[in-house]
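Chain by chain, the residues:
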Amino acid sequence: MIDYSKILNTIHHEATTSKDRGEIATYIPELSKVDVTKFGIHLMDIHKNEFSSGNAKEKFSIQSISKVLSLSQALSIIGEDLWKRIDVEPSGDPFNHLSLLELENGIPRNPLINAGAIVVADILVSKLKNPKEDFLTFIQDISGDKSINFDSKVAQSEKQTGFNNYAAANLLKSYGNLHNDVDTVLDFYFHQCSLSMSCAQLTKVFYIYMNRGKCMQNKTYLTTSQVKRINALMLTCGFYDEAGEFAFEVGLPGKSGVGGGIVALLPNNYCVATWSPGLNKKGNSKLGMLALERLTTATQQSIF
Ligand code: GLU
């Protein structure tokens, strides 16, 4: 029997004594207000046992972690047709890079970089009756947690400085890979990125990816094949141009966001989330990556 409580407390202690915590993202002004000393870690196993340490119940901006959720809802609605508009290869470039988009005629490399997530947002805007509300309901349903919500201040803040995403959306539009109005799609995208959750809530939401598409209430939202595809994308594309490093150090599929959150999972076993707002040079949470490396090393468990 693995003593997760002891392992998480040791990781937390190590994190709080760390001198180099990385840098907070400032390009979305609202994110720059967060306290860099925050650190939380929460693990939920397949039997719904929960283990926690640090600021694991405090909400933060999940940012790009939301791309896994919008992809899931879009896949559950349009199925394999989605791959006609988005590829499934790692980009090897930062999350907001635009050059590949031009080279590859408006087909984003994968759904977890910004351009790919903007195409996914376009699909949801086309398919959902009330896009923002229906997306939020999807997340509240899979987690069984009605308190999850957008942070409109963060969405507004990103709207004012999101020039790069406007450029990506306009490029997609020029290649015919954006069917709705740029402003409408980006309004949806900025809201999905503004979702606010704690580490504990993130593990409830991501339970379906460790449990073959079934949520904590045992309802099926994704097929096993869709879960396979999403977990494969998290492993190969979930950490910007550091996905190789994360697989190498941690060995789990996962996704990070510039709010400093990371969620990762061991299929059929556990789901874990960390939050430490300081980022490394590649935009991933510095202490979060370190913490998850410690976890899989101490437990000697990974997908490999
Ligand atoms: N909303 C952020 C952006 O589009 C998400 C970036 C991230 O978390 O990787 O720039």
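Shown above is the structure to which this text applies.
Computed from a predicted structure; not experimentally measured.

Calculation notes
Residues numbered from 1 in each chain as written. Predicted model: local features only at pLDDT ≥ 70, side-chain atom pairs only at ≥ 80, totals over all residues. Heavy atoms only, no water. Salt bridge = Lys/Arg side-chain N within 4 Å of Asp/Glu carboxyl O. Helix = DSSP H or I, 4+ residues; strand = E, 2+ residues; numbered from the N terminus. Buried < 20%, exposed > 50% of the residue type's maximum accessible area, 1.4 Å probe, protein only. Phe/Tyr/Trp six-rings, centres within 6.5 Å; stacked < 30°, edge-to-face > 60°. Near = heavy atom within 4 Å. Polar contact = N/O pair within 3.5 Å; in protein donor to acceptor, adjacent residues only side chain to side chain. Areas by Shrake-Rupley, 256 points an atom, 1.4 Å probe, with all protein chains shown as cover.

Visitor: Explanation requested: the pattern of salt bridges in the structure shown.
Guide: Within the structure shown, the criterion is met by 13 salt bridges. The salt bridge partner of E30 is K33, with a shortest N-O separation of 3.0 Å. The residue K159 makes a salt bridge to D187 at a minimum N-O spacing of 3.1 Å. Placement of the pair is K159 in helix α6 (residues 152–161) and D187 in helix α8 (residues 182–193), with a sequence separation of 28 residues. Overall, D187 belongs to the buried group, its relative accessible area being 18%. Taken together, the salt bridges that share partners define one network made up of E14, E293 and R294.

Visitor: Explain the packing of aromatic side chains here, please?
Guide: With the rule as written, the count across this model stands at nine aromatic pairs. Seen in terms of ring centroids, Y4 and Y270 are 5.8 Å apart; in terms of plane orientation they differ by 75°. Their pairing is edge-to-face. Separated by 266 residues along the polypeptide, Y4 in helix α1 (residues 4–16) and Y270 in strand β7 (residues 270–275) bring together distant segments of the chain. In terms of burial, Y4 and Y270 fall into one category: buried. Three or more aromatic residues link up through ring pairs in this structure, and these residues are Y4, F51 and Y270.

Visitor: Is there a simple way to think about the site of the ligand in this case?
Guide: Neighbouring residues of the ligand: twelve residues in total, closest Y27, Q63, S64, Y189 and Y240. Taking N165, its side chain carries an N or O atom lying 2.9 Å from an oxygen atom of the ligand. Separating an oxygen atom of the ligand from a backbone N or O atom of V258 is a distance of 2.8 Å. Across the complex, the protein chains shield 99% of the 300 Å² of accessible surface that the ligand would expose by itself.

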